[in-house]
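Structural characterization, general
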Amino acid sequence: MIEIQDLSFTYQDEKKPALEGISLSLREGDFLGIIGPAGAGKTTLGRAISGIVPHHYKGDFYGSVTVGGMDTVDSSLIDISRLVGMVFQDVDSQIICPTVEDELLYGLENFGIGRDEIPERIGFALGKVGIPELRERSIGSLSGGQRQKVAIASVIALKPRVLVLDEPTGELDPQSSRQVFTLLRELNEEFGITIVVIEQKIMLLCEFARRLLVLNEGKAVHEGETRQVLSHAEDLENIGVNIPRVATLSRALSRKTGKEIPVCINLDEAEKTARGLMA
Ligand SMILES: Nc1ncnc2c1ncn2[C@@H]1O[C@H](COP(=O)(O)OP(=O)(O)OP(=O)(O)O)[C@@H](O)[C@H]1O
Ligand SMILES: [Mg+2]
């Protein structure tokens with residue numbers, strides 16, 4: 001679904017590349033988490049997958065990005081956006097209409113969705129995100145977290161095949177953050193939507209993402225199955241990425257006991273491991 005080959009990108013008037021030699025291959029229905037310290041290039045990679053780099057953000061672009069067989073450089077941003085929806089890190093730069101309903105309507109009308117289908121799409125998206133009661137509200141009256149949910153809903157309403165979300169829980173409390181990830185899992189499992197999510201809440205991310213990509217200074221440090229990437233705990237900590245405590249714990253136990261203990265990625269697994277050791 002997403003093929004990235006040796007992608008390097010330097011923003012116009014910048015000296016240092018934001019991305020360097022990135023290769024990535026995702027199949028339809030994959031669920032990838034992107035992590036890395038500030039300035040690692042996470043947002044830029046999200047922009048490259050959704051074609052905003054290099055269509056909107058100009059610069060030196062080397063290598064190739066294809067999504068659903070479309071080369072993002074050769075395709076128009078409109079064609080790419082029919083396939084890839086992106087929720088921006090800065091939600092307020094994404095929302096342009098005065099009310100929630102208008103915001104969703106705007107995207108649907110731009111996509112030429114038929115009048116008869118629109119109410120159902122709006123209801124579906126607001127319902128999925130858990131904010132049906134905000135439909136008539138003005139954007140200005142919403143909290144940061146509510147605006148974040150509106151931004152997610154407006155992208156979901158367009159039913160993209162690939163969903164790129166840049167720190168979608170940045171403004172959300174733990175409960176709402178979990179709701180968003182549960183929603184992403186649902187979209188992924190029910191509709192086969194390919195998910196790419198940039199996220200700082202590593203514990204939550206590791207519970208939901210099946211693959212992880214770790215970026216540092218524009219380069220891919222590790223990429224692969226979540227558990228396998230977490231097994232490189234020291235590399236991750238060296239670049240300032242905190243791995244879930246349960247993963248650190250299982251590694252420490254492994255060292256201490258001399259037993260092969262698989263990396264735990266959630267509390268349930270850690271509990272099972274601990275019980276196993278005590279038995
Ligand atoms: N619009 C832009 N113009 C010029 N340089 C940019 C632009 N956006 C990002 N950069 C630079 O590209 C590099 C990567 O930035 P990017 O925003 O992709 O990192 P990030 O991993 O998303 O960081 P954060 O965790 O802070 O969101 C940084 O050096 C940044 O300063
Ligand atoms: Mg970013």
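In this text the structure is predicted, and so the values were computed from the model without any measurement. Positions within a chain are numbered from 1, following the residues in the order the chain's sequence is written. Ligands are numbered from 1 and chains lettered from A, in the order in which they are written. It should be noted that, the model being predicted, local features are given only for residues of pLDDT at least 70 and side-chain atom pairs only at 80 or more, the latter also being counted only at that level, while totals for whole chains, interfaces and linings use all residues. As a rule here, side-chain values cover all heavy atoms of the structure and leave hydrogens and water aside.

1. Here we look at the nonpolar core
Stated precisely, the cut-off is as follows: We define a nonpolar core as any set of buried Ala, Val, Leu, Ile, Met, Phe, Trp, Tyr and Cys residues linked to one another through side-chain atoms lying within 4.5 Å. The buried label applies to any residue whose accessible area, calculated with a 1.4 Å probe on protein chains only, is under 20% of its type's maximum; exposed applies above 50%, and partly exposed to all values in between. These domain boundaries are the output of an automatic or database domain assignment.
Leu 104, Leu 163, Leu 184 and Leu 230 are the most contacted members of the largest nonpolar core, which has 56 residues in total. Structurally, this core is a two-domain feature, drawing no fewer than three residues from each of domain 1 (2-230) and domain 2 (244-279). Counting 31 residues, the second-largest nonpolar core is a separate cluster that includes Leu 19, Ile 34, Leu 83 and Met 86.

2. Notes on the coordination of the magnesium ion (ligand 2)
Rules: Here a donor is an N, O or S atom found within 2.8 Å of the metal, or within 3.2 Å if the metal is Na, K or Ca; sites may look incomplete because water is not among the atoms. Counting from the N terminus, the helices are DSSP H or I runs at least four residues long and the strands are E runs at least two residues long.
Bound to the magnesium ion (ligand 2) are the protein donor atoms Thr 43 (OG1) and Gln 89 (OE1), situated 2.0 to 2.3 Å from the metal. Placement of Thr 43 in helix H1 (residues 42-49) and of Gln 89 in the loop between strand S6 (84-87) and helix H4 (91-94) is noted, with a sequence separation of 46 residues between them. A relative accessible area of 18% places Thr 43 in the buried class.

3. Looking at the pattern of salt bridges
The test is simple: The rule for a salt bridge is simple: a side-chain nitrogen of Lys or Arg has to be within 4 Å of a carboxyl oxygen of Asp or Glu.
On inspection of all chains with the given rule, the structure shows 12 salt bridges. Note that Glu 101 is salt-bridged to Arg 135, the shortest N-O span being 3.3 Å. Of this pair, Glu 101 sits in helix H5 (residues 100-110) while Arg 135 sits in the loop between helix H6 (118-129) and helix H7 (144-156), and the two are 34 residues apart along the sequence. With relative accessibility at 24%, the residue Glu 101 sits in the partly exposed group. Where Glu 190 meets Lys 128, a salt bridge forms, and the shortest distance between an N and an O atom there is 3.9 Å. Here Lys 128 lies in helix H6 and Glu 190 lies in helix H8 (residues 174-191), a separation of 62 residues in the sequence. When salt bridges that share partners are traced, they join Lys 128, Glu 186 and Glu 190 into one network.

4. Focus: the site of ligand 1
The condition that has to hold: Whether a residue is near a molecule or strand is decided by its heavy atoms; if any one of them lies within 4 Å of it, the residue is near. The definition of a polar contact used here is a pair of N or O atoms within 3.5 Å, where within protein one atom must be able to donate a hydrogen and the other to accept one, and adjacent residues in sequence count solely through side-chain atom pairs. Method for areas: the Shrake-Rupley scheme with a 1.4 Å probe, in which residue coverage is limited to the protein chains shown. All residues other than Ala, Val, Leu, Ile, Met, Phe, Trp, Tyr, Cys, Pro, Asp, Glu, Lys and Arg, Gly among them, are scored as polar; the first ten of these are nonpolar and the last four charged.
Close to ligand 1 lie 16 residues, the nearest being Gly 39, Lys 42, Thr 43, Thr 44 and Gln 89. At 3.1 Å from an oxygen atom of ligand 1 is found a main-chain nitrogen or oxygen belonging to Ala 40. Protein contact buries 65% of the 630 Å² of open area that ligand 1 shows by itself. No other element matches the four residues that H1 contributes to the shell around ligand 1. Taken together, the residues that form the shell around ligand 1 break down as six nonpolar, six polar and four charged.

5. Quick word on the packing of aromatic side chains
Defined as follows: Between the rings of Phe, Tyr and Trp (Trp by its six-membered ring), a pair exists once the centres lie within 6.5 Å; its type follows the angle of the planes, with under 30 degrees stacked, over 60 edge-to-face, and the other angles tilted. Whether a charge sits over a ring comes down to the Lys NZ or Arg CZ being within 6 Å of the ring centre and within 35 degrees of the ring normal.
Inspection of every chain in the model, using the stated rule, returns five aromatic pairs. Between Phe 9 and Tyr 11, the ring centres sit 5.0 Å apart and the planes meet at 80°, which makes this aromatic pair edge-to-face. Residue class for Phe 9 comes out buried when judged on its relative accessible area of 0%. Seen from their ring centres, Phe 9 and Phe 61 are 6.3 Å apart, and the 70° between their planes marks the pair as edge-to-face. Of this pair, Phe 9 sits in strand S1 (residues 2-11) while Phe 61 sits in strand S4 (residues 59-67), placing them 52 residues apart in sequence. The exposure classification of Phe 9 matches that of Phe 61, with both residues buried. An aromatic cluster of at least three residues, connected via ring pairs, comprises Phe 9, Tyr 11, Tyr 57 and Phe 61. Arg 47 extends its terminal NZ or CZ atom over the ring of Tyr 57, reaching a point 3.9 Å from the ring centre.

6. What about the confidence of the model for the chain?
Keep this limit in mind: For every residue, the predictor states its confidence as a pLDDT score lying anywhere from 0 to 100.
Looking at the chain as a whole, its pLDDT mean stands at 92, while 100% of the residues score no less than 70. By mean pLDDT, the top-scoring element of the chain is S1 (98), and the lowest-scoring one is helix H12 (residues 245-257) (81).

7. Section: the sheet that holds strand S8 (residues 194-198)
Just so we agree on the cut-off: DSSP bridges decide pairing: two strands pair if at least two such bridges lie between them. Helix axes use the C-alpha atoms of the stretch in contact, all axes being lines fitted to C-alpha atoms, and the angles between their N-to-C directions lie in the range 0 to 180 degrees. Working rule for contacts: check all heavy atoms of both residues, and any pair within 4.5 Å makes them a contact.
Taken in spatial order, the six strands make up an open sheet running S6-S7-S8-S3-S9-S10, and their pairing is mixed. The open sheet has two edge strands with one neighbour each: S6 and strand S10 (219-225). On average, each strand axis in the sheet is tilted by 15° relative to the strand beside it, whichever way the strands run. As judged from the six bridges shared by strand S9 (residues 211-216) and S10, these two strands associate in the antiparallel manner. In the strand pairing of S10, Leu 212 is matched with Gly 224. On the sheet, H7 packs against S6 and strand S7 (162-166) and is oriented at approximately 175° with respect to S6.

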